[in-house]
Amino acid sequence: MPVFNQLFDEWAANYDETVYGNNNEYIEVFANYNNILETISQKIEDKKDGHILEIGTGTGNLTRLLYQKNFHVTGIEPSQEMRKIFKSKLPNVEILDGHFLSVPVKNKVDAIVTSYAFHHLTWEEKKAALIYLDSILNEKGRMIIADTMFESLAYKSNLLKYVASMKSFKLLNDLNTEYYECVEDICQLFKEQNYSFETIKMNKYVWIISAEKGGF
Ligand SMILES: C[S@@+](CC[C@H](N)C(=O)[O-])C[C@H]1O[C@@H](n2cnc3c(N)ncnc32)[C@H](O)[C@@H]1O
C-alpha cells in the first residue's frame, strides 16, 4: 500500500485549490497545469478507440479532460478520499483502488497515463512498475508520464537553492524527501524495455515523457 495515502487523504479536500494557483509555494510547480493535461491527451489522440488507464488520478482533473474528449478511461487511485472527490466530479467514470504496482484490470490497455504521481515511487519501485505496466500494455501502446523531473543534478541543485531562497520550505521538504529523478534516468528505463520516447519540458519543474512500446 502506498506510503503517501494519509497525506493524500488529508490533502484531497483542497487539492484542486492548490493546483489552480491558491498556494504560493506550488504556483510554479503547477504552472501550465491545464496545458500539461491537454498535452498528455494529445499524445494519446490515436488511442481514442482503445482503453486508457490513468494511475494516481487524484481528484480527476486529467480524467475529466479525457472523458470530455470521449476517451474510454479507467482511473486507478490508492487514496480513498481522492476517490470520493473523483466520484463526485465524474460519477460516470470507473475509478478503482490500486496503484502503480497493482492495477485491477482484466485485459491489456492501449495507453497508460499519469500526472504528478510517479515520483511517489522509489527508484526500485519505478523500475518494477515500468516492467509491470509493460505487461498490461498492448503492443504499440503508449505510456505518458508527466511529473517533476530534472534535466541534470546541477539543475536540481540550483533549483533547491532557488526554492530555499524563496523560503518555500514545504516545497523544499517535498523536493528533498520524495523520489524525483533526472529525465534521462527514466528514459533509460524505457530504453531497456525497447520503448522509443520523446521528452517535453512543460515548466520549471515538470516534464512529460511519452514512450511507445516496441518503438525501437
Ligand atoms: C499530486 S497528486 C496528482 C493528482 C493528479 N494526477 C493531478 O495531476 O492533479 C498525486 C496522486 O498520486 C497518488 N499516489 C500516491 N502514491 C501512489 C502510488 N504508489 N500509485 C498510484 N498513485 C499514487 C496520490 O494518492 C495522489 O492522488
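These numbers come from a predicted model, not from an experiment. (Residues numbered from 1 in each chain as written. Predicted model: local features only at pLDDT ≥ 70, side-chain atom pairs only at ≥ 80, totals over all residues. Heavy atoms only, no water.)

Peer 1: Residues and numbers for the site of the ligand, please.
Peer 2: In the vicinity of the ligand, 19 residues are found, and the nearest of them are Tyr-15, Tyr-33, Gly-56, Glu-77 and Ser-115. The side chain of Tyr-33 places a nitrogen or oxygen atom 2.6 Å from an oxygen atom of the ligand. The contact in question runs from an oxygen atom of the ligand to an N or O atom on the backbone of Gly-58, over 3.5 Å. At a threshold of 2 Å from the grid points, most atoms of the ligand map onto the largest pocket. (Near = heavy atom within 4 Å. Polar contact = N/O pair within 3.5 Å; in protein donor to acceptor, adjacent residues only side chain to side chain. 1 Å grid on protein atoms, 1.4 Å probe; cavity = no way out; pocket = protein on both sides within 12 Å on 5 of 7 lines; lining within 4 Å. Sits in = over half its atoms within 2 Å of the grid points.)

Peer 1: Would you mind going over empty space enclosed by the protein in detail, with residue names and values included?
Peer 2: Scanning the entire structure with this criterion turns up 2 cavities of 30 Å³ or more. In this model, the largest cavity occupies a volume close to 50 Å³. In terms of lining, the largest cavity is formed by Phe-100, Ile-112, Val-113, Thr-114, Phe-118, Leu-130, Leu-133, Met-143, Ile-144 and Ile-145. For the lining of the largest cavity, the secondary structure elements donating two or more residues are strand E4 (109-115), helix H6 (123-135) and strand E5 (137-150). For the lining of the largest cavity, the class distribution of residues is 9 nonpolar, 1 polar and no charged. Size it by volume and the second largest cavity reaches roughly 40 Å³. Forming the walls of the second largest cavity are Phe-118, His-119, Lys-126, Asp-147, Thr-148, Met-149, Tyr-179, Glu-181 and Ile-186. The dominant element in the lining of the second largest cavity, judged by the number of residues it contributes, is E5, at 3 residues. Residues belonging to the lining of the second largest cavity are distributed by class as follows: 4 nonpolar, 2 polar and 3 charged. (Points joined across faces, edges and corners; volume = space filled by probe spheres on them. Helix = DSSP H or I, 4+ residues; strand = E, 2+ residues; numbered from the N terminus. Nonpolar A, V, L, I, M, F, W, Y, C, P; charged D, E, K, R; others polar.)

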